[in-house]
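Take a look at the letters that make up each chain.
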Amino acid sequence: MAFEPSPVARQRPRVLSGIQPTAGSFHLGNYLGAVRQWVALQETHDAFYMVVDLHAITVPQDPAELRANTRLAAAQLLAAGLDPERCTLFVQSHVPEHAQLGWVMNCLTGFGEASRMTQFKDKSAKQGADRTTVGLFTYPILQVADILLYQADAVPVGEDQRQHIELTRDLAERFNGRFDQGAARPTFTIPDAYIVRETAKIYDLQDPAVKMSKSASSPKGLVNLLDEPKASAKKFKSAVTDTDTVIRYDTEAKPGVSNLLTIYATLTGTAVPELERRYEGKGYGALKTDLAEVFTEWVTPFRQRTQEYLDDPESLDSVLAKGAEKARAVAAETLATVYDRVGFVPAKH
Ligand code: AMP
Ligand code: TRP
């Protein structure tokens, strides 16, 4: 008899997302584009969040740094407001099913299809072809596996991840179409991207035409949350705006000012039109100085909390161990269905 997954009693829709532990500190784009939404969604959704260390080794890494940065990423997620009582927080490599389902999904993906992933094209162009690994090429397919293992309904991410979520939907539909004949339930839930329009893309403070990114050409446009707040305040004060003086939200004509307004509005919970009113007749200098202050006020306790979690590595590791256990229970069930439906002989126990 074919294996059927037990119907999981789910009161809430499920979300899943991941963040890489490559850079050490999260930057403001990570926080506003993704992590903030993770924190909000744990109140309304069955939420799974992970530090994607398997993804981190697709580019050259130092083992000691990766280990430190993985714990540092978890500490920052907790400091940002994730609560292990409300969500499942874990490290990707603690759940072997990610790599296992990743392989199956690799075998379902066309070479041309994978070649069209723009993030791969960007990253490999930056590194040069001779330093680009096959792991980097199949990175989006591992992400597909991450999402499908948990039967996620929605995936909170920034705009740059939209194409990977589209690939996830395509491959889930392909698998279900090919292997679900006669099954009572589809193997995979088809997930939606959950992208909050206002903060989907936070821009570089020096070059508001490109997204804020850890691989920015100049560090002056990148706001790292764990940097000295004074250094970040300076970056806000020297942010590129335009030669006009009017503070107005207009992403076409005033991308720099609009970016600052978005950041200000989100950090303080103030609507952008209200900020426009408040700064009427005032110059860019006032806006930048105030934003530097708003950011400092927000980031200071964040940095303190991160340090507190780091100072207690045993508790941190135990949060992650509990998370992995909860994650594995879900992941194992999905993988068992997949293995059965593709035609693997069950292992005797
Ligand atoms: P990464 O650091 O690449 O692992 O990204 C983690 C999360 O942050 C993903 O959901 C990204 O989409 C999001 N993200 C990264 N950079 C930005 C940005 N500049 N604006 C908005 N979201 C971003
Ligand atoms: N690729 C994502 C990024 O660079 C990180 C990621 C890995 C992820 N697996 C995921 C995001 C699963 C959402 C769901 O930001």
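You'll find the structure just up there.
Everything quoted here is computed from the prediction, not taken from an experiment.

### Some points on the site of ligand 2
Okay, so step 1: As a structural note, the neighbourhood of ligand 2 is formed by 13 residues, with S17, Y139, Q143, D146 and Q161 the closest of them.
Okay, so step 2: With respect to ligand 2, the side chain of Q161 contributes an N or O atom lying 3.0 Å from a nitrogen atom.
Okay, so step 3: Within the complex, 90% of the 360 Å² of free accessible area of ligand 2 lies under protein.
Okay, so step 4: Elements represented by at least two residues in the shell around ligand 2 include exactly β1 (14–19) and α7 (134–149).
Okay, so step 5: With four residues, α7 is the single largest residue contributor to the shell around ligand 2.
Okay, so step 6: Class assignment for the residues of the shell around ligand 2 results in six nonpolar, six polar and one charged.

### A few points about the packing of aromatic side chains
Okay, so step 1: Counting across every chain of the model gives 13 aromatic pairs.
Okay, so step 2: Geometrically, the ring pair formed by F175 and F179 is tilted, given 4.7 Å between the ring centres and 45° between the ring planes. Placement of the pair is F175 and F179 together in helix α8 (residues 162–179), with a separation of four residues, close to one helical turn.
Okay, so step 3: Take F179: its relative accessible area is 25%, and that puts it in the partly exposed class.
Okay, so step 4: Summarising the aromatic geometry, the rings of Y339 and F344 are spaced 4.8 Å apart at their centres and angled 85° between planes, so their arrangement reads as edge-to-face.
Okay, so step 5: Given the relative accessible area of 27%, Y339 is considered partly exposed.
Okay, so step 6: Across the ring face of Y139, the terminal group of K123 is positioned such that the distance to the ring centre comes to 4.6 Å.

### Here we look at a negative patch on the surface
Okay, so step 1: Judged by side-chain charge, E308, D311, D312 and E314 come together as a negatively charged surface patch.
Okay, so step 2: Looking at the secondary structure, you find E314 in helix α13 (residues 313–342).
Okay, so step 3: Note on E314: relative accessible area 69%, which makes it exposed.

### Examining the side chain of N224
Okay, so step 1: You can see N224 is positioned in the loop between β5 (192–194) and α9 (229–237).
Okay, so step 2: Its relative accessible area of 16% is what places N224 among the buried residues.
Okay, so step 3: Apart from residues lying up to four places away in sequence, N224 is in contact with S25, F26, H27 and S232.

### So, the site of ligand 1
Okay, so step 1: Around ligand 1, a shell composed of 18 residues is seen, among which N30, G158, D160, I202 and M212 lie nearest.
Okay, so step 2: The backbone of G158 places a nitrogen or oxygen atom 2.8 Å from an oxygen atom of ligand 1.
Okay, so step 3: Contacts to ligand 1 include K214, whose side-chain N or O atom sits 3.2 Å from an oxygen atom.
Okay, so step 4: The dominant element in the shell around ligand 1, judged by the number of residues it contributes, is helix α1 (residues 28–41), at four residues.
Okay, so step 5: The class makeup of the residues in the shell around ligand 1 is six nonpolar, eight polar and four charged.

The rules behind each value
- Residues numbered from 1 in each chain as written.
- Chains lettered and ligands numbered in written order.
- Predicted model: local features only at pLDDT ≥ 70, side-chain atom pairs only at ≥ 80, totals over all residues.
- Heavy atoms only, no water.
- Near = heavy atom within 4 Å.
- Polar contact = N/O pair within 3.5 Å; in protein donor to acceptor, adjacent residues only side chain to side chain.
- Areas by Shrake-Rupley, 256 points an atom, 1.4 Å probe, with all protein chains shown as cover.
- Helix = DSSP H or I, 4+ residues; strand = E, 2+ residues; numbered from the N terminus.
- Nonpolar A, V, L, I, M, F, W, Y, C, P; charged D, E, K, R; others polar.
- Phe/Tyr/Trp six-rings, centres within 6.5 Å; stacked < 30°, edge-to-face > 60°.
- Buried < 20%, exposed > 50% of the residue type's maximum accessible area, 1.4 Å probe, protein only.
- Lys NZ or Arg CZ within 6 Å of the ring centre and 35° of its normal.
- Patch = residues over 30% accessible without salt bridge, like charges linked within 9 Å, V, L, I, M, F, W, Y side chains within 5 Å.
- Salt bridge = Lys/Arg side-chain N within 4 Å of Asp/Glu carboxyl O.
- Lys, Arg positive; Asp, Glu negative; His and termini not counted.
- Charge placed at Lys NZ, Arg CZ, Asp CG, Glu CD.
- Contact = heavy atoms within 4.5 Å.

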